[in-house]
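Structural overview
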Amino acid sequence: MSDLGSGDEGSSSQKYHQGMEQGSSEYDPGQQGQVEQELATKMLQIQSKRFYLDVKQNRRGRFIKVAEIGADGRRSQIFLALSTAAEFRDHLSAFSDFYSSLGPPNPDNVPEDGKLKSEMMIKDNRRYYLDLKENSRGRFLRVSQTITRGGPRSQVAIPAQGMIEFRDALTDLLDEFSTDEHAYKPDLPEGRHMHVDNKNFYFDIGQNNRGVYMRISEVKTNFRTAITVPEKSWPRFRDILADYCDKIKQPSTTGTVPGTGTGQANVGGGGISSDQPHPLVGNNTQQDTGTSLK
DNA sequence: GCGGCAG
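Below is a short write-up of the structure.

Analysis parameters
Residues numbered from 1 in each chain as written. Chains lettered and ligands numbered in written order. Predicted model: local features only at pLDDT ≥ 70, side-chain atom pairs only at ≥ 80, totals over all residues. Heavy atoms only, no water. Salt bridge = Lys/Arg side-chain N within 4 Å of Asp/Glu carboxyl O. Buried < 20%, exposed > 50% of the residue type's maximum accessible area, 1.4 Å probe, protein only. Phe/Tyr/Trp six-rings, centres within 6.5 Å; stacked < 30°, edge-to-face > 60°. Helix = DSSP H or I, 4+ residues; strand = E, 2+ residues; numbered from the N terminus. Lys NZ or Arg CZ within 6 Å of the ring centre and 35° of its normal. Pairing = 2+ DSSP bridges. Axes fitted to C-alpha atoms, helices over the stretch in contact; angles between N-to-C directions. Contact = heavy atoms within 4.5 Å. Near = heavy atom within 4 Å. Polar contact = N/O pair within 3.5 Å; in protein donor to acceptor, adjacent residues only side chain to side chain. Nonpolar A, V, L, I, M, F, W, Y, C, P; charged D, E, K, R; others polar. Core = buried A, V, L, I, M, F, W, Y, C linked by side-chain atoms within 4.5 Å. Expected span 1.5 Å × (residues − 1). Parallel < 35°, antiparallel > 145°, perpendicular 65-115°, else oblique. Left-handed = near helix turned anticlockwise from the far one by under 90°.

Quick look at the pattern of salt bridges
On inspection of all chains with the given rule, the structure shows 11 salt bridges. Of the charged contacts, one joins R89 and D90 as a salt bridge, the two residues approaching to 2.9 Å between their closest N and O atoms. A relative accessible area of 18% places R89 in the buried class.

Right, here's the structure in full:
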């Protein structure tokens, strides 16, 4: 439940600077889906059902909520990352092509399970099953979303006759909202907070059009500074830190005075002075990671 | 005016 769409639409609770004042960016389930915006919505009437396609956005990224309202008012919904929605759209084309190639339902030749064609999509820990099925009511595309095997599933069923209309609506939304760097947003790890003496350190993971980065902030009462570390250099940061940790905790092997620098001259092998430019310095386009002061 | 049997 830790990513797309908390399902709490219209939540009005907004906390700013969360994680900074509260130091709660770690393991806090109460902050999902805040500042959720609805960017667009489309309604489709397909036979007896209404479908709402909502493009939404929270600080984890953009996603599409597909809600089905049955004639009896029954409501079910699934969530799709924009990248998954694009994949789904492409599948819809194939499903509708297949559907239009089918002859009339033959009562004597009912497929086992009623499944005519199936696809599966995987996005992180979510699986989406697309099944063109057939029952006494007719043909329909069942789209079910599960998080864990055997766990709860949510699903919608689109009458086969409406697949094209559905695909076109989805295409419209994707064309408008899936353009730039929002197109693909992998789930990012949660941020963390560390308190030591009178200092607070925040580790926030973010992403912009140059990739994933970690922003390490040092925060005191009236002082704040941060560095932004591109994801690809995390291992080198780790190695350098680990080297220093090893050197500092074994003073007896290098001398009697710890941390004097003996044996440390080549720590990192000169890797600190990177041969690469700083790709993220001065970048103002990154999304708010929660601790950034706006 | 519906109504959709797992993963």
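Here's the deal with the packing of aromatic side chains
Under the definition given, this model contains 3 aromatic pairs. An angle of 70° between the planes, with centres 5.9 Å apart, marks the rings of F88 and F166 as edge-to-face. Of this pair, F88 sits in helix 1 (residues 82-101) while F166 sits in helix 2 (residues 163-177); the two residues are 78 residues apart in sequence, bridging distant segments of the chain. Residue F166 is classed as buried on the basis of its relative accessible area of 1%. Above the ring of F95, the side-chain terminus of K117 is found at 5.4 Å from the ring centroid. The ring of F98 is capped by K117, whose NZ or CZ atom sits 5.9 Å from the centre of that ring.

So, the sheet that holds strand 4 (residues 75-81)
The strand order across the open sheet formed by 4 strands is 1-2-3-4, and the pairing between neighbours is antiparallel. Pairing within the sheet leaves two strands with one partner each, and these edge strands are strand 1 (37-46) and strand 4. With direction set aside, neighbouring strand axes in the sheet form an average angle of 20°. Where strand 2 (residues 49-58) lies against strand 3 (residues 61-69), 9 bridges are found, and the strand directions are antiparallel. When the bridges of strand 3 are listed, N58 appears paired with G61. Seen against the sheet, helix 1 touches strand 3 and strand 4 and runs at an angle of roughly 105° to strand 4. Of the strands in this sheet, strand 1, strand 2 and strand 3 are in contact with helix 2, which crosses strand 1 at around 165°.

Brief notes about the protein's contact with DNA strand B
Taken together, 21 residues lie near DNA strand B, and S48, K115, D131, F140 and R142 sit nearest. A share of 35% is what sugar and phosphate atoms reach among the atoms of DNA strand B within 4 Å of the protein. A distance of 2.4 Å separates a base oxygen of DNA strand B from a polar side-chain atom of R142. Between a base nitrogen of DNA strand B and a side-chain N or O atom of R153, the distance comes to 3.0 Å. Of all the elements in the fold, those that place two or more residues in the surface near DNA strand B are strand 6 (126-135), strand 7 (138-146) and strand 8 (153-159). Per-class residue counts for the surface near DNA strand B are 5 nonpolar, 6 polar and 10 charged.

Remarks on the nonpolar core
Ranked by size, the top nonpolar core spans 31 residues in total, and within it V66, F88, L141, I158, F166 and L170 carry the most contacts. It is helix 2 that provides the largest number of residues to this core, a total of 7 residues. With residues near it in sequence (within four places) discarded, F166 still touches L44, I46, F51, L53, V66, F88, L92 and I158.

Observations regarding helix 2
For helix 2, built from 15 residues, the straight-helix expectation of 21 Å at 1.5 Å per residue is met to within 8% by its first-to-last C-alpha distance of 21 Å. Buried residues of helix 2: M163, F166, R167, A169, L170, T171, L173, L174 and F177, and no others.

Looking at helix 1
Under the 1.5 Å per step criterion, the end-to-end length of helix 1 is 29 Å for 20 residues, consistent within 8% with the ideal 28 Å. Among all positions of helix 1, only L82, T84, A85, F88, R89, H91, L92, F95 and S96 are buried.

Here's the deal with the packing of helix 1 against helix 2
As a packed pair, helix 1 and helix 2 sit with axes 9 Å apart at the nearest point and diverge in direction by 150°. As judged from the angle between their axes, helix 1 and helix 2 are roughly antiparallel. Judged by the sense of rotation from one axis to the other, the crossing of helix 1 with helix 2 is left-handed. Counting all contacts with helix 1, which are made through L82, A85, A86, F88, R89, L92, S93, F95, S96 and Y99, the residues of helix 2 involved are M163, I164, F166, R167, L170, T171, L174 and F177. When its residues are assigned to classes, the contact of helix 1 with helix 2 shows 13 nonpolar, 3 polar and 2 charged.

Section: the environment of E38
Tracing the backbone shows E38 in strand 1. Residue classification places E38 among the partly exposed positions, given a relative accessible area of 46%. For the pair E38 and N58, spaced 20 residues apart in the sequence, the C-alpha separation amounts to 8.9 Å. Setting aside residues no more than four positions away along its own chain, E38 makes contact with D54, V55 and K56.

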